Amino acid sequence: MAVTYKNVWKNINLALKSKLRAEMKCPVFSGFDTISKANQFIKLIPTGSEQGDVTKFSEHRTFNMDIQYYMLNRNNTQFQDYVFNQVSILEALVHDNPTLSLADSTTAYNVMIGDLELGVEPDEEFEDYFIAAWSFSCEHLSNLG
């Protein structure tokens, strides 16, 4: 018997990328994409999902990602203000959009961004960058029958 499904991961990733690109005006990549070294960019890293209630006709699942915001480190007095401004914009964007409309005409809801970590230790290839990071989660009801 063939399985019918919708690629919810892809739909959430695309919707979140689109929302972030529109407001933040910088490249947004998935954790699986190749990353260019722009002055600033955002990386979305899917980390897993948690199964909630399951019924005969539906499945509730929470999807989790890490969001990492890379900014080329500037050694000047305005850089701290710039970082605080950018992270505040991103946090407000998620807070002001508690739902995401997905490509399959469903909705991710309870969209939340977790605690902010400033100055995440970068990989060697990004040692010139300052990184701010959050955990991100949203919920979705799927496999409706």
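Residues numbered from 1 in each chain as written. Predicted model: local features only at pLDDT ≥ 70, side-chain atom pairs only at ≥ 80, totals over all residues. Heavy atoms only, no water.

What follows concerns helix H1 (residues 8-24). With 17 residues, H1 ought to run about 24 Å at 1.5 Å a step, and its terminal C-alpha atoms sit 24 Å apart, in line with that. Downstream of H1 by one or two residues, Lys25 has phi in the positive range, about 55°. (Helix = DSSP H or I, 4+ residues; strand = E, 2+ residues; numbered from the N terminus. Expected span 1.5 Å × (residues − 1).)

Turning next to the packing of aromatic side chains. Tallying each qualifying case throughout the model produces nine aromatic pairs. Both rings, one in Phe41 and one in Tyr70, keep their centres 4.5 Å apart while their planes meet at 10°; by these two values the pair is stacked. Here Phe41 is found in strand S2 (residues 40-54), whereas its partner Tyr70 is found in strand S3 (residues 59-72), with 29 residues between them in sequence. Since its relative accessible area comes to 0%, Phe41 is described here as buried. An aromatic cluster is defined as three or more aromatic residues linked by ring pairs; in this entry it consists of Phe29, Phe41, Tyr70, Phe126 and Tyr129. (Phe/Tyr/Trp six-rings, centres within 6.5 Å; stacked < 30°, edge-to-face > 60°. Buried < 20%, exposed > 50% of the residue type's maximum accessible area, 1.4 Å probe, protein only.)

Let us look at the pattern of salt bridges. Inspection of every chain in the model, using the stated rule, returns one salt bridge. The salt bridge involving Arg61 is made with Glu59; its shortest N-O contact spans 2.7 Å. With relative accessibility at 13%, the residue Glu59 sits in the buried group. (Salt bridge = Lys/Arg side-chain N within 4 Å of Asp/Glu carboxyl O.)

Counting residues in hydrophobic clusters, the biggest one holds 30 residues, and the most contacted among them are Ile42, Tyr69, Leu90 and Phe136. Secondary-structure elements contributing two or more residues to this core are H1, S2, S3, helix H2 (79-95), strand S5 (107-113) and strand S7 (129-142). With residues up to four places along the chain from it excluded, the contact list for Tyr69 reads Met24, Cys26, Gln40, Phe41, Ile42, Tyr82, Gln86, Leu90, Phe130, Ile131, Ala132 and Trp134. Counting residues in hydrophobic clusters, the runner-up holds nine residues, among them Ile35, Val120, Phe126 and Ile131. (Core = buried A, V, L, I, M, F, W, Y, C linked by side-chain atoms within 4.5 Å. Contact = heavy atoms within 4.5 Å.)

Okay, empty space enclosed by the protein next. What the rule picks out here adds up to one cavity of 30 Å³ or more. Every residue along the wall of the largest cavity is listed here: Leu16, Lys19, Leu20, Leu93, Val94, Asn97, Leu100 and Val111. Looking at the lining of the largest cavity, the elements with two or more residues in it are H1 and H2. Here the lining of the largest cavity gets three residues from one element, more than from any other, and that element is H1. (1 Å grid on protein atoms, 1.4 Å probe; cavity = no way out; pocket = protein on both sides within 12 Å on 5 of 7 lines; lining within 4 Å. Points joined across faces, edges and corners; volume = space filled by probe spheres on them.)

In this structure, strand S1 (residues 28-30) lies alongside S2, joined through three bridges in parallel fashion. The residue of S2 that forms the bridge with Phe29 is Lys43. Here S2 pairs with S3 via twelve bridges, running antiparallel. Each bridged residue has a counterpart across the sheet, and for Gln51 the counterpart in S3 is Arg61. Linkage of S2 to S3, two consecutive antiparallel strands, is achieved through a turn of four residues. (Pairing = 2+ DSSP bridges.)

Before going further, it helps to examine the pairing of S3. With twelve of 14 residues buried, S3 lies mostly within the body of the structure. Sheet topology note: the S3/S7 ladder contains 14 bridges and is antiparallel. Opposite Met65, over in S7, you have Phe136 as the bridge partner.

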